[in-house]
Amino acid sequence: MGKYLLLAVGCMLSAWAWAAPGKNLIGRWDCQGNEGATLLEFRNAGSLIYDGEENSYRIQGNAILIPGLSGEDAYRFKLQGQKLTVTFPEGEIIRCQRAVRRAPSGDNQTAAGGGNAHLRGRFCQWSGSSSSYSGTSYSRTAAILFDGQGNAMYGGSESSFSSNEGLTYGSGGGGARGVYQVRGKEVRIRMEDGSQVVATINMRQNDGRITELMVNGKLWATGLCE
């Protein structure tokens with residue numbers, strides 16, 4: 001009897017140790033990597049959203065296993081309190097901080113309801129110019145991420161300049177957080193520094209998803225991030 005009891009307790013402890021890392025990951029994380037700021041959310045024990053894309057996953061030891069083209073890809077992770085480090089199969093590392101859930105001011109029902117849920121993922125804005133006379137060209141891409149729950153993060157910007165002397169790259173700071181609220185044909189965005197932007201919805205899909213915004217005459221769209 002005692003032998004079987006110890007065996008049962010051992011199995012329970014093994015199962016708890018297996019499930020605990022995955023359970024502790026559940027929630028929303030603000031991450032920073034080589035490509036700027038990103039959003040990572042473990043919705044439950046088998047579904048996550050990274051950078052606006054939803055995937056299934058499972059935990060094995062200290063690895064997050066996500067289905068890939070040729071089996072499962074292993075994303076090694078290290079969890080220390082409210083901080084999470086994830087190493088991608090290619091070696092890229094993102095460092096994350098557990099997000100504090102905040103809701104926009106105003107109509108709480110609208111903030112928690114379907115309006116904000118229709119705005120989710122990475123939106124990009126592109127600008128550039130070129131001159132055949134001087135042989136120069138310039139381009140800049142900025143990005144902002146929406147989590148579908150009223151939270152936003154400015155993902156920074158990347159720029160490039162090409163001339164007869166060569167090609168140069170630059171990047172702007174990212175990681176600024178904010179909140180947003182979808183109201184009719186408008187999206188009100190307030191960043192943590194107090195700045196506010198009102199965007200006009202330029203395109204909705206048949207299922208209600210917002211895929212294009214206009215801000216001060218400039219187009220921000222999910223398709224410009226590809």
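Remember, it's a predicted structure, so these values are computed and weren't measured experimentally.

A.B. asks: Explanation requested: the side chain of R122 in the structure shown.
C.D. replies: One can find R122 in strand β10 (residues 120-131). Beyond its immediate stretch of four places on either side in the chain, R122 contacts A37, T38, D51, A143, I144, L145, A221, T222 and C225.

A.B. asks: What is the right way to look at unusual backbone geometry in this model?
C.D. replies: The general pattern is negative phi for most residues beyond glycine and trans for most peptide bonds. In this model, N216 sits at a positive phi of 50 degrees, which is unusual for a non-glycine residue. Structurally, N216 can be placed in the loop between β17 (210-215) and β18 (218-221). Owing to a relative accessible area of 74%, N216 belongs among the exposed residues under this scheme.

A.B. asks: Explanation requested: a nonpolar patch on the surface in the structure shown.
C.D. replies: A cluster of nonpolar side chains, namely W126, L219 and L224, defines an oily patch on the protein surface of about 270 Å² accessible area. Mapped onto the fold, L224 is located in the segment after β18.

A.B. asks: Just to check I follow, could you spell out the sheet that holds strand β9 (residues 93-98) for this structure?
C.D. replies: Remark on secondary structure: sheet strands pair via backbone hydrogen bonds, oriented parallel or antiparallel. The 9 strands are arranged β4-β3-β2-β1-β9-β8-β7-β6-β5 in an open sheet whose pairing can be described as antiparallel. A strand with exactly one partner marks an edge of an open sheet, and here the two such strands are β4 (53-56) and β5 (58-60). Shown here is a sheet whose adjacent strand axes are inclined to one another by a mean of 30 degrees, direction ignored. Direction of pairing for strand β1 (residues 27-33) relative to β9: antiparallel, over a ladder of 4 bridges. Its bridge partner being in β9, D30 is matched across the sheet by Q97.

A.B. asks: How should I be thinking about the packing of aromatic side chains in this particular structure?
C.D. replies: In this description, a pair of aromatic rings is defined by centroid distance and the angle of the planes. Applying the stated criterion across every chain, the model contains 5 aromatic pairs. Ring centres 5.1 Å apart and planes at 75 degrees place the aromatic pair Y75 and F88 in the edge-to-face group. Linking Y75 in strand β7 (residues 71-80) with F88 in the loop between β8 (83-87) and β9, this pair joins segments that are 13 residues apart in sequence. The residues Y75 and F88 share a single accessibility class, namely buried. Centroid distance F123 to F146: 5.5 Å. Interplanar angle 85 degrees. Geometry classified as edge-to-face. Separated by 23 residues along the polypeptide, F123 in strand β10 and F146 in strand β11 (residues 136-147) bring together distant segments of the chain. Both residues of the pair, F123 and F146, belong to the buried class. Through a chain of ring-to-ring contacts, the aromatic side chains of Y50, Y75 and F88 assemble into a single cluster.

Cut-offs used in this document
- Residues numbered from 1 in each chain as written.
- Predicted model: local features only at pLDDT ≥ 70, side-chain atom pairs only at ≥ 80, totals over all residues.
- Heavy atoms only, no water.
- Helix = DSSP H or I, 4+ residues; strand = E, 2+ residues; numbered from the N terminus.
- Contact = heavy atoms within 4.5 Å.
- Buried < 20%, exposed > 50% of the residue type's maximum accessible area, 1.4 Å probe, protein only.
- Patch = residues over 30% accessible without salt bridge, like charges linked within 9 Å, V, L, I, M, F, W, Y side chains within 5 Å.
- Areas by Shrake-Rupley, 256 points an atom, 1.4 Å probe, with all protein chains shown as cover.
- Salt bridge = Lys/Arg side-chain N within 4 Å of Asp/Glu carboxyl O.
- Pairing = 2+ DSSP bridges.
- Axes fitted to C-alpha atoms, helices over the stretch in contact; angles between N-to-C directions.
- Phe/Tyr/Trp six-rings, centres within 6.5 Å; stacked < 30°, edge-to-face > 60°.

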